[in-house]
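# Residue-level structure breakdown
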Amino acid sequence: MSISKEALMKLQNGSDVRGVAVDGVEGQPVNLTGEAVNLIAQSFARWLAAKKGKPVAALKIGVGHDSRVSASALKVQILQGLAAQGAAVFDCGLASTPSMFMSVVFPQTAFDGSIMITASHLPFNRNGMKFFDEQGGLEHDDITALLEGAAALEPAVADAFGAVKMDLLSLYAASLCEKIRAGVNAADYEHPLAGLKVVVDAGNGAGGFFVEQVLSPLGADTSGSQFLEPDGMFPNHIPNPENKQAMEAVRKATIENHADLGIIFDTDVDRMSAVLHDGTEVNRDAIIAMMAAILAPDYPNSTIVTDSVTSDKLTDFLEGVLHLRHHRFKRGYKNVINESKRLNAAGTVSPLAIETSGHGALSENYFLDDGAYLAVKLLIAAAKAKQAGNRVDTLIADLQPAFESREYRMNILLEDFKPYGKQVLDTFEQRAKAAGYAIAPNSYEGIRLSFSGEEVQGWLLLRMSLHDPLLPLNLEGNRPGDCEKLLAIVRNLLDGFDQLDLSKLG
């Protein structure tokens, strides 16, 4: 076998597999090869059979992909690997990550498991694999087991097999349409979005189907929608709701086309953000606030789980305006989702787990992080608001906007970086306590300080990166000059750490 176990294990990225699949970027050699995905697919078939307690030959496994240029070649090898183990394979073609999970749920498909070929918003030369069974996406330890299993196998090709072609996106889109029809319950039941103008920016990813197969059939005016054609070179902008250029593109299209809403998806449609009619961006804290406001009437006094970098202003809105509870947890969409699941299992109602990145998962939707489902909830709210003579904007009218926020990422200059990072955080906390700064209670990730005095107002969070030798620092100031004052406080608290690159702090 030409690929080593060490090389396979390096393909793990949390609960996904990711790597370089295309030549063309200097210093980034291909490591997600056809051989690698063939082995991983074989291992998934064996892992799934063992988990379900039935032979591989009894399994039905679906494979889909987003618009990446390497998708077709990798898909052939994945289908070959699955078929070589004896599984029945289904080629779902262009798909979204959420639809690949739903292929396990839909009675029309009822797959035992599925694989999505995607690397989310990463550059054109990257690709990866996400895996699902009936319990949702695989966890970190599951991926480790898959890669360890793959290292014990040899590449295999099925002598003769036929992958069944499956138009999964149409099935998935039809389910979204029915949710909107039932949610709005308009007099014209078939066309609940009539009178709404919605601009979609798919960033040349897999999200273009939402215009043709969801919005248009429901009566929405979608003129001005852009970058709907799949193109894995992403010629217009990175399909990423966190990217400033991407958000400016959809904001511009929304304003110029006088739309009621703008919607932007990432490449594989598991994330979304929005733009209001006046160009106000509904991303980061605002997308969390919007989804919470939509859910609040159905889940009074419930708990919203978010990642650690949300603002104090969001907490004020969730708790002071919506009368919900804000549970700020760790970064990483699986961490946030699993914490919300844990709370529900313990008897605390938690209908929403959502990150500032636009990853949002609802208890009513299998806790699946699904950008299209978030868009469905937003569209239902927008249609109902229009019926009442209002705009959906009013749902977050009381959310105080951020004045200035920044992020710095400081490198740790040691190979064994985790103990040093912990030492930095421990000392940072001790020094902050000695200085009398207010340390946020129940901090699940890093050290968070809040400031509300006359001298400085805002908050800061210093934490360890999930995977890299980095200490990210997030700041938010409430007035002109507050971010610089927060930065000066951080510099003082980090004084003397010579293995931490503080140069980016100025």
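Presented here is an overview of the structure given in this document. Because the structure is predicted, anything quoted here is derived from the model rather than measured. Within any chain, residue numbers begin from 1 and follow the written order of that chain's sequence. Local features in this predicted model are restricted to residues whose pLDDT is 70 or higher, and side-chain atom pairs enter the listing and the counts only when it is 80 or higher, whereas totals over whole chains, interfaces and linings include all residues. Excluding hydrogens and water, the side-chain figures rest on all heavy atoms present in the structure.

## Concerning the pairing of strand S11 (residues 272-276)
The following threshold applies: Per-residue accessibility, obtained with a 1.4 Å probe over protein chains only, is compared with the maximum for each type, and a residue is labelled buried under 20%, exposed over 50%, and partly exposed between these values. Strands are runs of DSSP state E lasting at least 2 residues, helices are runs of H or I lasting at least 4, and numbering of each runs from the N terminus. Two strands qualify as a pair provided that DSSP identifies no fewer than 2 bridges between them.
Counting buried positions along S11 yields five of five residues, so the element is predominantly enclosed. Side chains of S11 alternate between two faces, with Met272, Ala274 and Leu276 and Ser273 and Val275 buried alike. When strand S10 (residues 261-265) meets S11, the two strands line up antiparallel, connected through five bridges. Considered in S11, the bridge of isoleucine 264 is made with serine 273. Where S11 hands over to strand S12 (residues 281-282), the hairpin turn is made up of four residues, of which glycine 279 adopts a positive phi near 95 degrees.

## Comments concerning helix H2 (residues 34-52)
Owing to its 3.6 residues per turn, the α-helix brings residues three or four apart onto one side. Spelled out, the test is: Take the number of residues in a helix, subtract one, and multiply by 1.5 Å to get its expected span.
Along its 19 residues, H2 runs 27 Å from first to last C-alpha, staying within 8% of the 27 Å computed at 1.5 Å per residue. Of the residues one or two after H2, glycine 53 is the one with positive phi, at around 70 degrees.

## What about the packing of aromatic side chains?
The test is simple: Side-chain rings of Phe, Tyr and Trp (the six-membered ring for Trp) are treated as a pair once their centres are within 6.5 Å; stacked means planes under 30 degrees apart, edge-to-face means over 60, and tilted covers the remaining angles. Either the NZ atom of lysine or the CZ atom of arginine qualifies as a charge over a ring when it sits within 6 Å of the ring centre and within 35 degrees of the ring normal.
Following the criterion strictly, the structure yields eleven aromatic pairs and no others. Seen in terms of ring centroids, phenylalanine 101 and phenylalanine 132 are 6.0 Å apart; in terms of plane orientation they differ by 55 degrees. Their pairing is tilted. Here phenylalanine 101, found in helix H4 (residues 97-105), pairs with phenylalanine 132, found in strand S6 (residues 126-133); they are 31 residues apart in sequence, far enough to count as distant. Above the face of the tryptophan 459 ring, arginine 448 is positioned so that its terminal group lies 3.9 Å from the ring centre.

## Some points on the pairing of strand S3 (residues 60-65)
Applicable threshold: Handedness rule for crossovers: strands pointing away from the viewer, path from the first strand over the helix to the second running clockwise, crossover right-handed.
Of all six residues that make up S3, five are buried, and the element is covered over most of its length. Pairing analysis gives six bridges linking S3 to strand S4 (residues 88-94), with the strands arranged parallel. Along S4, the bridge assignment pairs histidine 65 with leucine 94. With respect to chirality, the unit in which S3 leads through helix H3 (residues 71-84) into the neighbouring parallel S4 is right-handed. Pairing of S3 with strand S5 (residues 113-117) involves five bridges; the strand directions are parallel. For glycine 64, the partnering residue across the bridge sits in S5 and is methionine 116.

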